[in-house]
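# Per-entry structural report
Letter by letter, the chains look like this.
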Amino acid sequence: MVEDTRCEVSTAREDILQRVRAAIGKQAADEPVERDYRQTPSLSEGEKIDLFIDRLHDYNAQVYRCGPGEEAATIAEALAARGKTRILIPPGFPAHLLPTGPTFVPDTQLDYREIDATEGALTAATAAIAMTGSLILTHSETEGRRALTLIPDYHLCMVYTNQLVETVPEGLRALGGRRTSPVTTIAGPSATADIEMTRVKGVHGPRVLDVIIVAV
Amino acid sequence: MSIRVGESAQAATFPKAAKKLLQNTQLRRNVRRATDTIRGKRAKVVDEMPDWQALRTAGQQIKKRTLRNLDSYLVQFEKACTAAGGKVHWARDADEANAIIIGIIQSHGQKEVIKVKTMTSDETRLNHALEAVGIEPYETDLADLIIQLGHDKPSHIVVPALHKNKSEIRQIFMDTMGLKELGHAPEDLAAAARNFLRERFLRVKVGFSGANFAVAETGSVCVVESEGNGRMCVTLPDVLITMFGVEKIVPSFDDLEVFLQLLPRSATGERMNPYNSIWTGVTPGDGPKEFHVVLLDNGRTKVLADEESRETLHCIRCAACLNACPVYRQTGGHAYGSIYSGPIGAILTPQLQGMEHSTSLPYASSLCGACYEVCPVKINIPEILIHLRRKIVESGGAALTERMGMAVAGYTLADSSRLGKAQKLVQLGRQPLDAIGLPGWSAARDLPTIPTQTFREWWKTRGAK
Ligand code: SF4
């Protein structure tokens with residue numbers, strides 16, 4: 001069965017490539033692409049952060065701000081506000097940033113049902129985009145594999161101001177060598193516009209998203 | 001080889017289908033309300049972008065660049081994806097694609113698959129093929145779930161259940177999910193879908209997705225979505241199968257920065273959709289252990305061959321042209337008899353499956369140009385419509401009276417004020433329409449104040465042929 005499929009595929013491959021070549025004619029030099037859209041920041045640092053916060057509020061995300069060294073206290077505050085006591089963390093999440101009080105469970109390849117039974121997850125991020133209120137995760141050791149921030153109903157995400165860029169092009173370019181890791185961009189909690197075209201919060205992804213912005 | 005685009009080859013002609021649908025006032029109200037909402041939202045978030053036109057130009061040029069050397073980009077994608085642990089399959093048509101997918105699922109002994117919204121699988125009628133061999137496909141996109149549970153047909157390419165309002169959706173969920181009680185708020189309906197699908201997300205071993213973009217440079221695939229069902233389908237199963245049309249390739253990773261700005265603002269009027277997933281092959285310890293890509297032709301290379309309408313393949317399926325189209329807004333999507341409705345459907349369906357099957361579609365337009373104006377990749381739909389009409393005429397595909405009647409129907413439908421008013425111009429309208437087998441259309445719907453100039457304009461460009 002598998003053998004057959006393979007054989008079929010290679011014929012189809014040649015056929016399709018042949019059809020494409022017949023349709024477009026000879027190979028040609030690449031068509032030019034003018035990139036006259038915005039790719040650089042235009043706001044001051046303060047304005048950029050304000051814009052990011054405004055966008056997050058627009059998606060109904062709750063925003064906390066703190067200075068360096070205040071991460072633990074702010075994490076404690078955010079979790080307490082949601083009544084969360086037992087939270088998943090990626091295996092590489094820095095222990096010194098964790099407050100005492102809540103229980104933090106490192107994700108050492110828990111199965112999906114175990115993750116489903118938890119109250120939420122706390123992670124770092126790779127980058128954030130002010131203009132669109134996006135968090136970008138590349139699922140590193142401090143961000144966790146994709147399931148961690150997908151299955152639970154609550155995501156608390158911590159991002160540093162030096163990770164925040166203004167525009168979408170800057171955000172994607174900030175990924176650098178991590179762009180071929182799995183990448184998830186998150187703009188607000190899970191939502192749908194399928195019912196009469198209004199944005200309804202909360203379908204399959206986390207229904208609640210809180211963001212901590214740490215100044216550096 | 002036969003090209004199939006959903007069930008469109010069996011569909012009624014546009015004027016016939018439209019006539020029937022116009023009598024469904026609830027549906028018309030729903031479509032009108034939804035498209036009004038989305039148009040308003042889109043306008044707001046597009047107006048705030050000073051570089052919108054520059055983004056459109058870049059989007060158009062990237063697509064042009066891709067198609068001009070599509071063979072090299074496909075091979076480059078295949079190489080990069082394979083190097084990252086993916087397996088790439090090629091499918092000439094719908095049946096071949098479905099057979100490949102069924103083969104993969106059966107080789108794992110699985111009987112279920114979770115699916116995130118894909119137009120291409122509607123095009124190949126994958127669900128039908130899966131069910132025929134005893135594999136159960138679960139649609140997970142809220143709108144697709146509504147369609148699947150309600151045994152309905154999609155009427156819009158971004159919001160397939162746009163023709164259903166809240167209370168109709170609630171009824172479908174109560175009837176099919178076995179719920180005795182269900183709230184009336186949209187949030188209640190969303191929660192019902194969450195509960196209904198959660199167990200399946202955790203259980204089912206095979207996931208299926210389409211792709212909005214695939215990057216030749218890195219072999220990465222990108223899925224744009226809102227609900228998180230896409231993330232579930234591409235992350236949780238052991239085996240992931242992703243199918244997309246060969247035109248979905250973009251040359252470089254940086255090209256995503258253009259489309260991830262154009263698409264959400266055009267499609268749902270959001271600055272950014274809640275989730276984008278971008279992945280490259282297989283990542284140990286994170287997500288599926290096996291990843292298959294099915295590259296689908298199904299008529300696309302035929303479209304590619306016609307230089308005058310090649311740019312049809314630039315489409316990123318945002319549906320802005322549907323929402324802006326005065327004809328679509330009157331009839332909704334079902335009248336087009338294809339999963340691809342509205343202006344893009346009117347040019348894509350006939351080209352994919354052959355003009356002979358859908359000669360009326362290129363006439364389902366008043367050529368007002370609204371679609372071109374909103375298209376994020378600047379596809380000149382009116383020009384392509386005229387080009388296709390010329391082809392139909394040249395091949396003798398539609399009789400003169402038929403073309404005339406269809407054009408009048410397209411024109412009349414384009415403005416609600418031209419519908420449902422007094423019967424002033426029955427003299428002018430009735431004969432040609434009755435003659436083409438739309439008895440009662442002109443009498444019931446009237447063809448009043450048709451400004452002669454526009455009609456003559458139309459006649460000048462097309463009547464000369
Ligand atoms: S033709 Fe343009 S406006 Fe219409 S769906 Fe495609 S990309 Fe969007």
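Computed from a predicted model, the values in this text were never measured in an experiment. (Residues numbered from 1 in each chain as written. Chains lettered and ligands numbered in written order. Predicted model: local features only at pLDDT ≥ 70, side-chain atom pairs only at ≥ 80, totals over all residues. Heavy atoms only, no water.)

### Description of the interface of chain A and chain B
Rules: Here, residues are in contact when the closest pair of their heavy atoms is within 4.5 Å. Buried area: the accessible area, evaluated with a 1.4 Å probe, that two parts lose upon being put together, summed over both parts. Any Lys or Arg side-chain nitrogen found within 4 Å of a carboxyl oxygen on Asp or Glu counts as a salt bridge. Within 3.5 Å is the distance limit for a polar contact, defined as a pair of N or O atoms, with the added protein rule that one can donate a hydrogen and the other accept it, and that residues adjacent in sequence qualify only through two side-chain atoms. Only runs of H or I of at least four residues qualify as helices and only runs of E of at least two qualify as strands under DSSP, and these elements are numbered from the N terminus. Here the term charged refers only to Asp, Glu, Lys and Arg, the term nonpolar to Ala, Val, Leu, Ile, Met, Phe, Trp, Tyr, Cys and Pro, and the term polar to all other amino acids, Gly among them. Strand pairing is assigned whenever DSSP detects at least two bridges linking the two strands.
Across the contact, 80 residues belong to chain A and 103 residues belong to chain B. Carbon and sulfur atoms supply 55% of the area buried between chain A and chain B, which totals about 8,100 Å² over both sides. At the junction of chain A with chain B, the criterion picks out twelve salt bridges. Of the charged contacts in the structure, one is a salt bridge between Arg173 of chain A and Glu257 of chain B, with a shortest N-O distance of 2.5 Å. Run the count over chain A and chain B and you get 39 residue pairs in polar contact (both at pLDDT 80 or more). Secondary-structure elements contributing two or more residues to the side of chain A that touches chain B are helix H1 (2–24), helix H2 (45–58), helix H4 (112–116), helix H5 (168–173), strand E9 (183–186) and strand E10 (191–192) of chain A. Of all the elements, H1 of chain A adds the most residues to the side of chain A that touches chain B, at 15 residues. Among the residues making up the side of chain A that touches chain B, the classes are represented as 35 nonpolar, 19 polar and 26 charged. When E9 of chain A meets strand E9 (residues 275–280) of chain B, the two strands line up antiparallel, connected through four bridges. Residue Val183 of chain A lies in a different strand from E9 of chain B, and its bridge partner there is Ile278 of chain B.

### Details of the packing of helix H3 (residues 52–68) of chain B against helix H12 (residues 256–267) of chain B
Packed helices, taken two at a time, are described by the angle between their axes plus the distance between the axes. Residues and elements named next belong to chain B. Filter applied, for reference: Angles shown run from 0 to 180 degrees and are taken between the N-to-C directions of axes, each axis being a line fitted to C-alpha atoms and, for helices, limited to the stretch in contact. For a crossing to be left-handed, the near helix must be turned anticlockwise from the far one by less than a right angle; the clockwise case is right-handed.
Close contact between H3 and H12 brings their axes to 9 Å; oriented N to C, the two are set at 115°. As for how H3 packs across H12, the hand of that crossing is left-handed. Together, Trp52, Leu55, Arg56, Ala58, Gly59, Ile62 and Lys63 of H3 and Val258, Phe259, Gln261, Leu262, Arg265 and Ser266 of H12 make up the contact between the two elements. Of the residues assigned to the contact of H3 with H12, the class counts are seven nonpolar, three polar and three charged.

### With respect to the nonpolar core
Threshold: Remark: nonpolar core denotes a set of buried residues (Ala, Val, Leu, Ile, Met, Phe, Trp, Tyr, Cys) joined through side-chain atoms within 4.5 Å. When a residue's accessible area, from a 1.4 Å probe over protein chains only, is under 20% of the maximum for its type it is buried; when over 50% it is exposed; and in between it is partly exposed.
Phe52 and Leu135 of chain A together with Leu74, Phe77, Phe213, Phe244 and Leu256 of chain B are the most contacted members of the largest nonpolar core, which has 135 residues in total. If you tally residues by element for this core, the top one is H12 of chain B, at seven residues. Apart from the residues within four sequence positions on either side, Phe52 of chain A is in contact with Ala128, Ile129, Ala130, Gly133, Ser134, Leu135, Val159, Leu164 and Ile213 of chain A. Ala121 and Ile151 of chain A together with Ile114 and Met232 of chain B belong to the second-largest nonpolar core, a separate cluster that totals 37 residues.

### Focus on the packing of aromatic side chains
All names here are of chain B. For clarity, the cut-off: Within 6.5 Å between ring centres, the rings of Phe, Tyr and Trp (the latter by its six-membered ring) count as paired, and their orientation is classed by plane angle as stacked under 30 degrees, edge-to-face over 60, tilted in between. Here, a charge over a ring is recorded when the distance from Lys NZ or Arg CZ to the ring centre is within 6 Å and its angle to the ring normal is within 35 degrees.
Evaluated as defined, the whole model comprises four aromatic pairs over all chains. Against the face of Phe196 rests Arg200, its NZ or CZ located 4.5 Å from the ring centre. Residue placement shows Arg231 over the ring face of Tyr275; its charged tip is 4.5 Å from the ring centre.

### Thoughts on the environment of Thr301 of chain B
As for its position among the elements, Thr301 of chain B is in helix H13 (residues 300–305). Spatially, the C-alpha atoms of Thr301 of chain B and Gly285 of chain B are 38 Å apart, while their sequence positions differ by 16 residues. Ignoring any residue separated from it by four or fewer positions in sequence, one finds Thr301 of chain B in contact with Ile16, Arg19, Val20 and Ala23 of chain A. Here the side chain of Thr301 of chain B touches Asp297 of chain B through a polar contact of 2.7 Å, side chain to side chain.

### So, empty space enclosed by the protein
Residue and element names in this part refer to chain B. Note the threshold: Cavities and pockets are found on a 1 Å grid laid over the protein atoms alone: a cavity is a set of points where a 1.4 Å probe fits but cannot escape, a pocket is an open set with protein on both sides within 12 Å along at least five of seven lines, and a lining residue has an atom within 4 Å of such a point. Grid points are joined across faces, edges and corners, and a volume is the space filled by probe spheres set on the points.
A complete count under the given rule lists eight cavities of 30 Å³ or more for this structure. As for the largest cavity, its lining consists of 36 residues, of which Lys117, Ile157, Asn212, Val224 and Arg317 are closest to the centre. Of all elements in the fold, only helix H6 (119–124), strand E6 (220–225), strand E7 (239–245) and H12 reach the threshold of two or more residues within the lining of the largest cavity. Taken together, the residues that form the lining of the largest cavity break down as 16 nonpolar, ten polar and ten charged. Estimated volume of the second largest cavity: approximately 90 Å³. Going through the elements one at a time, helix H16 (342–353), helix H17 (370–374) and helix H18 (381–394) are the ones with two or more residues in the lining of the second largest cavity. By residue class, the composition of the lining of the second largest cavity is twelve nonpolar, four polar and no charged.

### Examining the environment of Gly219 of chain B
Residues and elements named next belong to chain B. Within the element layout of this structure, Gly219 appears in the loop between strand E5 (213–215) and E6. Distance in space between the C-alpha atoms of Gly219 and Ala80 is 4.5 Å, their sequence separation being 139 residues. With sequence-adjacent residues up to four places away left out, Gly219 is seen in contact with Phe77, Ala80, Cys81, Trp279 and Thr280.

### Some remarks on the sheet that holds strand E8 (residues 164–165) of chain A
Reading across from one edge, E8(A)-E5(A)-E6(A)-E9(A)-E9(B)-E6(B)-E5(B)-E8(B) is the order of the eight strands in this open sheet, with mixed pairing throughout. Every interior strand has two partners, whereas the edge strands, E8 of chain A together with strand E8 (249–250) of chain B, have only one. Pairing between strand E5 (residues 127–129) of chain A and E8 of chain A: two bridges, direction parallel. Looking at E8 of chain A, one finds that Ala128 of chain A is bridged to Leu164 of chain A.

### Details of the confidence of the model for chain B
Residue and element names in this part refer to chain B. Selection rule: Per residue, pLDDT captures the predictor's confidence, and it can take any value from 0 to 100.
Looking at chain B as a whole, its pLDDT mean stands at 84, while 83% of the residues score no less than 70. Within the model, pLDDT remains below 50 along residues 420–460, and this stretch shows 75 contacts once partners closer than five positions in the same chain are excluded. Scoring the predicted complex yields pTM 0.88 and, for the interface, ipTM 0.94.

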